Amino acid sequence: MIIQNSMYVRFIGIIVLATIGVIFMISSLPISDTCKCENSAERDIQHEQFHRSFKELSSSNKHKLAILVPFRDRFDELLRFAPHISAFLNRQQVSFHIFVLNQNDRFRFNRASLINAGFLLVKDQYDYIAMHDVDLLPLNNNLKYEYPENGPLHISGPEFHPKYHYATFIGGILLLKVEHYQLLNGMSNKYWGWGLEDDEFYVRIKEAGLEVNRPRNITTGPENTFLHIHDRLHRRRDTAKCFNQREVTRRRDRETGLNTLRYSLDSRRELTIDGVVLTVMNINLECDKSQTPWCECDSKVDTKSRLETKAKT
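Presented here is a report on the structure given in the accompanying data block. (Residues numbered from 1 in each chain as written. Predicted model: local features only at pLDDT ≥ 70, side-chain atom pairs only at ≥ 80, totals over all residues. Heavy atoms only, no water.)

Points about the state of the cysteines
One covalent bond between the sulfur atoms of two cysteine residues makes up a disulfide. Tallying each qualifying case throughout the model produces two disulfides. A sulfur-sulfur distance of 1.9 Å marks the disulfide that ties Cys 242 to Cys 297. Across the S-S bond linking Cys 242 and Cys 297, the dihedral sits near -80 degrees, which makes this disulfide left-handed. Residue Cys 242 is located in the loop between β7 (226–228) and α7 (245–248), and its partner Cys 297 is located in the loop between β9 (276–285) and α8 (299–312); the two are separated by 55 residues in the primary sequence. With a sulfur-sulfur separation of 2.0 Å, Cys 287 is cross-linked through a disulfide to Cys 295. What sets the handedness of the Cys 287 and Cys 295 disulfide is the S-S torsion sign, and at about -85 degrees it is left-handed. As far as the burial class goes, Cys 287 and Cys 295 line up, both buried. Taken in N- to C-terminal order, the disulfide-linked cysteines of the protein are connected 1-4, 2-3. (Disulfide = S-S within 2.5 Å. Helix = DSSP H or I, 4+ residues; strand = E, 2+ residues; numbered from the N terminus. Buried < 20%, exposed > 50% of the residue type's maximum accessible area, 1.4 Å probe, protein only.)

A few points about the pairing of strand β8 (residues 263–273)
Note that β8 and β9 share ten bridges and pair antiparallel. Each residue of the ladder has a partner; that of Ser 267, found in β9, is Asn 282. Linkage of β8 to β9, two consecutive antiparallel strands, is achieved through a turn of two residues, within which Asp 274 is found at a positive phi near 50 degrees. (Pairing = 2+ DSSP bridges.)

Okay, structure coming up:
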């Protein structure tokens, strides 16, 4: 009995000593779990702040370009334009989106009014616009669609354009800051049919004291700076002149522009061409026939006008 009690006491003693040893070993270990968690949290916060700052810095430093494409019945050209211009601008790392301004009404085509409408619809989300013909594709990578800080930037200058070479030409592809386009009151709304609206716009630019800038150090010429994909036989331009259109549209328009434009947005649709997402705006323009009766040309009036023009020439 004494022996059993002695063994029991020894057993209890061993357990007590072992417990004390384990407690001592645990207490001697470095307790750093809390610190590690705090350091990890700090690193996560710093990591998040860095990437957020980097993202905000990148977006704030990159001006956003709205490409405004006046459009009607040019789907074949659009199929070529969208992937081409997207790849071209992606190489330049330009932040852009393409807006197809489709004239949805029954009146004659009005390129200037479509651009005015497109501008009013996008001006609050973009820093600058490109007035861009759908049938003119840039080929030279040195044609930079950069933010036109110092004034309108005419990409398709007369020394490079395949067809138009006069000094005051600003058609084809023209870039403007949103503030400058607003300053100019946009373009004239009087140009129904084809031609002359960009010539009138040039006068607006000069009268406002802005300088038209053009790309420099371009070694290509009219034959290989751009690809002009317009087929004049397949896509005949509406060059008719009726009523007193010829007289009125050869003068500086001081009456119409952004502030007088009358239009409605019929619908807005997303369109994807070869992976490029476009926004199609179906626009209905309104015509005040007391001011511009040539928004519709009666066939008899049109024929008479053509005969008079032919007789004069």
